[in-house]
Amino acid sequence: KQLFVIHYGLNDYFQGKPIDNAADPYDAETYCGAIRSMIETLKKQRPEARILLIAPNAVTCFDAGSRILGENGAPLADYVDALLQVADAYHLAIQNDYRDVLPPENAERFLDGEVHPNEYGRYKIAKALAELITVQFP
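Every chain's residues receive numbers from 1 upward, in the order its sequence appears when written. At least 70 in pLDDT is required for a residue's local features to be given in this predicted model, at least 80 for side-chain atom pairs to be given and counted, and no such filter applies to totals for whole chains, interfaces and linings, which use all residues. The side-chain quantities take in all heavy atoms of the structure and omit both hydrogens and water.

Caption draft 1: Broad picture of the pattern of salt bridges. Salt-bridge detection follows one rule: a side-chain nitrogen of Lys or Arg within 4 Å of a carboxyl oxygen of Asp or Glu. The tally for this structure, following the rule as stated, stands at five salt bridges. Ionic pairing is found between Arg99 and Asp81, a salt bridge with its closest N-O pair at 2.9 Å. One end of the pair, Arg99, is in helix α5 (residues 97-101); the other, Asp81, is in helix α4 (residues 76-90), with 18 residues separating them in the sequence. Here Lys127 makes a salt bridge to Glu131, at a shortest N to O gap of 3.1 Å. In this pair, Lys127 and Glu131 are both assigned in helix α7 (residues 119-136), four residues apart and thus about one turn of the helix distant. Buried, partly exposed and exposed residues are distinguished by accessible area as a fraction of the type maximum, computed with a 1.4 Å probe on protein chains only: under 20%, between the cut-offs, and over 50%, respectively. Owing to a relative accessible area of 44%, Glu131 belongs among the partly exposed residues under this scheme. A run of DSSP states H or I qualifies as a helix once it reaches four residues; a run of E qualifies as a strand once it reaches two. Both are numbered from the N-terminal end.

Next comes the structure, spelled out in structure tokens:
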């Protein structure tokens, strides 16, 4: 079976995209609307495929992701929480890099700069992903 892994969210935070649009849950100009649209498209195109989401990792810039960017933005943790809710609504497996793999309290250890994982961070993400796939998709 096919497995699609979608690692999604940091650019939306950096761009200050709105998290959701209550009037249109598939509004691609919002974080959750875009991910819902991706999920629905994958399900239609490949109904037998499985989907796994990965929440963004912590960052050290913009007050460790607590700063609200843009007029419609929110703290990075809110984007992570929203993705967890989408995963739950669609009954999808999710790897929470923000809280479980590269968390805010140790982010500088795992990053090359302020955003992108360093070699050790990439190893941690890959190891967690391999373990999750083994358990969720035997």
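That covers the picture; the talk isn't over yet.
Caption draft 2: Structural view of the side chain of Asn96. Within the fold, Asn96 resides in strand β3 (residues 93-96). Pairing of N or O atoms within 3.5 Å defines a polar contact, subject to two protein rules: one partner must be a possible hydrogen donor and the other a possible acceptor, and residues neighboring in sequence count only if both atoms are side-chain atoms. A distance of 3.2 Å separates the side chain of Asn96 from the backbone nitrogen of Tyr98, its partner in a polar contact. We call two residues contacting when some pair of their heavy atoms lies within 4.5 Å. Each residue touching Asn96, except ones within four places of it in the same chain, is listed here: Ala55, Val80, Leu84 and Val101.

Caption draft 3: Summary view of the packing of helix α2 (residues 31-45) against α4. At a closest axis distance of 10 Å, the pairing of α2 and α4 adopts a crossing angle of 30 degrees. Overall, the two elements α2 and α4 adopt an arrangement that is roughly parallel. Between α2 and α4 the crossing geometry is right-handed. Contacts from Tyr31, Cys32, Ile35, Arg36, Ile39, Glu40 and Lys43 in α2 reach Tyr79, Ala82, Leu83, Val86 and Tyr90 in α4. Within the contact of α2 with α4, the residues separate by chemical class into nine nonpolar, no polar and three charged. Geometry is summarised by axes, namely lines fitted to C-alpha atoms with helices restricted to the contacting stretch, and by angles between N-to-C directions that run from 0 to 180 degrees. Orientation is classified from the angle alone, with under 35 degrees giving roughly parallel, over 145 giving roughly antiparallel, 65 to 115 giving roughly perpendicular, and any other angle giving oblique. What makes a crossing left-handed is the near helix being turned counterclockwise from the far one by less than a right angle; a clockwise turn instead makes it right-handed. Charged residues are taken to be Asp, Glu, Lys and Arg, nonpolar residues to be Ala, Val, Leu, Ile, Met, Phe, Trp, Tyr, Cys and Pro, and polar residues to be all remaining types, Gly included.

These figures capture arrangement, not role.
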